[in-house]
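# Structural description and commentary
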Amino acid sequence: MISLETLLFPDTDIFRDKLYPLLLFCKPMHYLQPVEADENDIMENENDIFMDRGLCQGHTPARLGKDQQRFRQLVTDLKTRKDDYAAQLSSLTMAAMSAPKPEKLGESGHDIVSSLLKGHNLSPSLLATDTGLWQARLVLAIAEILDREEEELYDELQLLDTRELDMLRTLQGSDVSQEGEPFAELDRIREHLTKPRAKEVKKRFAAWLRLIRVQPFAEMFLWVASSDDAADQVIHEYEKRSDMVITPLLKLPLPGKIMVSVHHLVDQLEHFHHAAADIHNGIKNDLARLRKLADFTSGDLQTLLPHGTDWVEQWEGLLEDHFPQSSHGRSFLTLYLLPNTSLTNLFSLAGAEKTDPSVLHAILGVHRR
């Protein structure tokens, strides 16, 4: 049976084509939710199959209870309203998360927030009981909205590949200036969408961390960052506190995307888990050994995976059988050892249960597409 307790960060919506590949290796995958699941949402209920099959588990610290639906309506307004009012709230919320603690939102910011909360009949306690928790929820919700919008736009742009653009440019004529060429703007948009956004990810991670600190849960075998920028938040914190070197362990290929119906996806995942059970358990056992390795020396190649095995080659062959690169593309999950630390201690997650006192080192995964 495949089991590898994994915590994904800072994403709070894992039901997306680009994140499904992680479920081939990370099972169960735990994630935070800014607000508890909506029993009346058909799409959310459809995703219950992932929980029922033990593939993932959502956690909502400080559940909103009676304010849940009103908060959802506020987020819907942010998603659908394009007026300055909603845009200002989004901007203020993101700014507030990165401001020094003594700073306040300011009178205009407070007026906007108070007006929106009042307009949705949200309890004043949402703002008053924790000065940062409501901002954390909104930052995470806004980040997911922006992620989906940018992903949809990028997918649409991909429909116009380079060859088609060249053909259209030829038909348009060579006498059109570059400045007035509409396809130059498409190229600029495409480039902008692929650029890293370290500042935004930093704010998002801060919001994620604020939420998880409300109700820490048991220490996970593995933390997985959904991007290099997200992983940098952990790496920078580790490097500030340790003189040890982060050590790469192995690099596993995964599909780039899995785009099928939910029920078919779950069946595909389970078929792969069954076929990959020996490989997965072998990798997990090696990882477990490294987590408990005493007197670890960075750069000692004999301690690193695959440690005399061909796990990666076996995994790659099996992956090609189930999810061919020609049809699914490739992404990669790279694992690193963070010597002499636990991630719960690194981020002062007081109250988090330490499941095994013999574990000496943490493992961080980075998903790269």
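Scroll up to find the structure this text is about.
Residues numbered from 1 in each chain as written. Predicted model: local features only at pLDDT ≥ 70, side-chain atom pairs only at ≥ 80, totals over all residues. Heavy atoms only, no water.

## Regarding the overall build of the protein chain
Looking only at helices and strands, one finds 16 helices and seven strands in the protein chain. With 369 residues in all, the protein chain has 48% of them scored as buried. Considering only residue pairs separated by 6 or more positions, the protein chain has 82% of its internal contacts joining residues 24 or more positions apart. Summing over all exposed atoms, the protein chain offers an accessible surface of approximately 18,800 Å²; the carbon and sulfur share of this is 52%. (Helix = DSSP H or I, 4+ residues; strand = E, 2+ residues; numbered from the N terminus. Buried < 20%, exposed > 50% of the residue type's maximum accessible area, 1.4 Å probe, protein only. Contact = heavy atoms within 4.5 Å. Areas by Shrake-Rupley, 256 points an atom, 1.4 Å probe, with all protein chains shown as cover.)

## Considerations on helix H10 (residues 198-214)
Between its first and last C-alpha atoms H10 spans 25 Å; for 17 residues at 1.5 Å apiece the expected length is 24 Å, and the two agree. Burial in H10 covers these residues: Val201, Arg204, Phe205, Ala207, Trp208, Leu209, Leu211 and Ile212. (Expected span 1.5 Å × (residues − 1).)

## A short note on the pattern of salt bridges
Side chains that carry opposite charge are capable of pairing whenever their charged atoms lie near each other. Taken as a whole and assessed by the stated rule, the structure comprises 14 salt bridges. A salt bridge links Arg53 to Glu270, with the shortest nitrogen-to-oxygen separation between them at 2.9 Å. Placement of the pair is Arg53 in the loop between helix H2 (48-52) and strand S3 (56-59) and Glu270 in helix H12 (residues 262-275), with a sequence separation of 217 residues. By relative accessible area, Arg53 is classed as partly exposed at 35%. On the accessibility criterion, Glu270 (31% relative accessible area) is partly exposed. Between Asp228 and Arg368 there is a salt bridge, with its nearest N and O atoms 2.8 Å apart. Pair noted here: Asp228 is in helix H11 (residues 228-241) and Arg368 is in strand S7 (residues 362-368), with a separation of 140 residues, a long-range link. The class for Asp228 is partly exposed, based on a relative accessible area of 37%. Each of Asp11, Arg16, Glu144, Asp147 and Arg204 takes part in one network of salt bridges that share partners. (Salt bridge = Lys/Arg side-chain N within 4 Å of Asp/Glu carboxyl O.)

## Comments concerning the side chain of His30
Residue placement: His30 occurs in strand S2 (residues 29-32). Excluding its chain neighbours within four sequence positions, the residues that come into contact with His30 are Glu5, Thr6, Leu7, Leu8, Gln57, His59 and Met220.

## Digging into the sheet that holds strand S5 (residues 247-254)
The seven strands are arranged S3-S2-S1-S4-S7-S6-S5 in an open sheet whose pairing can be described as mixed. The open sheet has two free edges, formed respectively by S3 and S5, since each of these has just one partner strand. Adjacent strand axes in the sheet meet at a mean angle of 25 degrees, parallel and antiparallel pairs treated alike. Of the strand pairs in this sheet, strand S1 (residues 6-9) and S2 are connected by two bridges, and their pairing is parallel. The residue bridging Leu7 from the neighbouring strand is His30, located in S2. The sheet contacts of H11 involve S1, strand S4 (222-225), strand S6 (331-338) and S7, and relative to S7 the element is tilted by about 155 degrees. (Pairing = 2+ DSSP bridges. Axes fitted to C-alpha atoms, helices over the stretch in contact; angles between N-to-C directions.)

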